[in-house]
Amino acid sequence: ETGVTQTPRHLVMGMTNKKSLKCEQHLGHNAMYWYKQSAKKPLELMFVYNFKEQTENNSVPSRFSPECPNSSHLFLHLHTLQPEDSALYLCASSQGMARNEQFFGPGTRLTVL
Amino acid sequence: GENVEQHPSTLSVQEGDSAVIKCTYSDSASNYFPWYKQELGKGPQLIIDIRSNVGEKKDQRIAVTLNKTAKHFSLHITETQPEDSAVYFCAASDQTGANNLFFGTGTRLTVIP
């Protein structure tokens, strides 16, 4: 295990639903990330938090709303999603930034109907 | 921003043979190049990385080479084993000071026993 856990592992939701993804890291890291992984595409960085402060929003639609209450927890709140948002959502953490190793969780497989 | 291209997208080798995966990048200022391995149902895990002050790095059966002039880097796996079967991703860092990684599209490696 990498020390980064994600729940749920699988999620099916309708376009009108509201759901949240949770990430927790047990590594004492201070930076956390959300990525989207779609088939045949590179991992897409969505959000970056450093010491609970958002430092990067990679032009992500507002139907994705991140929350970082502390350095160990990261949430991704979902509402009014589209079928093309179906993907694997990965959380990662690192000790500081500046080209340090990122540790990934197992991901949440999201299907939007 | 940085653009990372990765080839091939799929690679099959016989057990014991070598495997080579190649990546190119566009931003000449990038100076950190990690390689991640993703097994089924898991998030990517760092297997080796290289920084631009070295041209080659080796860790047991895995080696990475970097050619900064040509802006390409490669992963070499020798004496492949069935457990090496996975998807491999290369990545390059940008130079904003943040740990933003730009990933390739991945190579699915299959080692045939």
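Structure first, text after, so check above.
The paragraphs below set out a description of the structure included in this document. (Residues numbered from 1 in each chain as written. Chains lettered and ligands numbered in written order. Predicted model: local features only at pLDDT ≥ 70, side-chain atom pairs only at ≥ 80, totals over all residues. Heavy atoms only, no water.)

1. Section: the packing of aromatic side chains
Residue and element names in this part refer to chain B. Inspection of the entire model under this criterion finds 11 aromatic pairs over all chains. An angle of 55° between the planes, with centres 6.0 Å apart, marks the rings of tyrosine 25 and phenylalanine 73 as tilted. Of this pair, tyrosine 25 sits in strand β3 (residues 19–25) while phenylalanine 73 sits in strand β8 (residues 72–77), placing them 48 residues apart in sequence. Looking at tyrosine 25, the relative accessible area reads 5%, which means it is buried. Consider the rings of tryptophan 35 and phenylalanine 73, whose centres lie 5.6 Å apart with planes at 70°: the pair is edge-to-face. (Phe/Tyr/Trp six-rings, centres within 6.5 Å; stacked < 30°, edge-to-face > 60°. Helix = DSSP H or I, 4+ residues; strand = E, 2+ residues; numbered from the N terminus. Buried < 20%, exposed > 50% of the residue type's maximum accessible area, 1.4 Å probe, protein only.)

2. Section: the state of the cysteines
Going through the model one piece at a time under the given rule, you end up with two disulfides over all chains. Here A:Cys23 pairs with A:Cys91 through a disulfide, and the sulfurs are 1.9 Å apart. Around the S-S axis, the bridge from A:Cys23 to A:Cys91 shows a dihedral of about -70° and counts as left-handed. Within this pair, whereas A:Cys23 is found in strand β3 (residues 18–25), its partner A:Cys91 is found in strand β9 (residues 87–94), the two being separated by 68 residues in sequence. By the burial criterion, A:Cys23 is buried, and A:Cys91 matches it. One disulfide in the model links B:Cys23 with B:Cys90; its S-S distance is 1.9 Å. (Disulfide = S-S within 2.5 Å.)

3. Let's talk about the interface of chain A and chain B
Contacts between chain A and chain B engage 24 residues on the former and 22 residues on the latter. Together, the buried faces of chain A and chain B total about 1700 Å²; carbon and sulfur atoms form 52% of this surface. The tally of links between chain A and chain B comes to zero salt bridges. Inspection of the region where chain A meets chain B yields three residue pairs in polar contact (both at pLDDT 80 or more). Breaking the side of chain A that touches chain B down by element, the ones donating at least two residues are β4 (31–37), β5 (44–50) and β9 of chain A. (Contact = heavy atoms within 4.5 Å. Buried area = accessible area lost by both parts, 1.4 Å probe. Salt bridge = Lys/Arg side-chain N within 4 Å of Asp/Glu carboxyl O. Polar contact = N/O pair within 3.5 Å; in protein donor to acceptor, adjacent residues only side chain to side chain.)

4. Here we look at the sheet that holds β8(B)
Residue and element names in this part refer to chain B. Strands sit in the order β1-β3-β8-β7-β6 across an open sheet of five strands; the sheet is antiparallel. Of all strands in the sheet, those with a lone pairing partner are β1 (4–7) and β6 (56–59), marking the two edges. Each strand of the sheet is rotated relative to its neighbour by a mean of 15°, with strand direction disregarded. As judged from the four bridges shared by β1 and β3, these two strands associate in the antiparallel manner. Bridge pairing in β3 links valine 4 to tyrosine 25. (Pairing = 2+ DSSP bridges. Axes fitted to C-alpha atoms, helices over the stretch in contact; angles between N-to-C directions.)

5. Details of the pairing of strand β7 (residues 62–67) of chain B
Residue and element names in this part refer to chain B. For β6 and β7, the ladder comprises four bridges, and the chain directions are antiparallel. Paired with glutamate 56 across the bridge in β7 is threonine 65. Here β6 hands over to β7 after two residues, with glutamine 60 in that stretch at a positive phi of 55°. The pairing of β7 with β8 spans six bridges and is antiparallel. Within β8, the position partnered with asparagine 67 by the bridge is histidine 72. Where β7 hands over to β8, the hairpin turn is made up of four residues, of which lysine 71 adopts a positive phi near 60°.

Shape descriptors only; they carry no functional weight alone.
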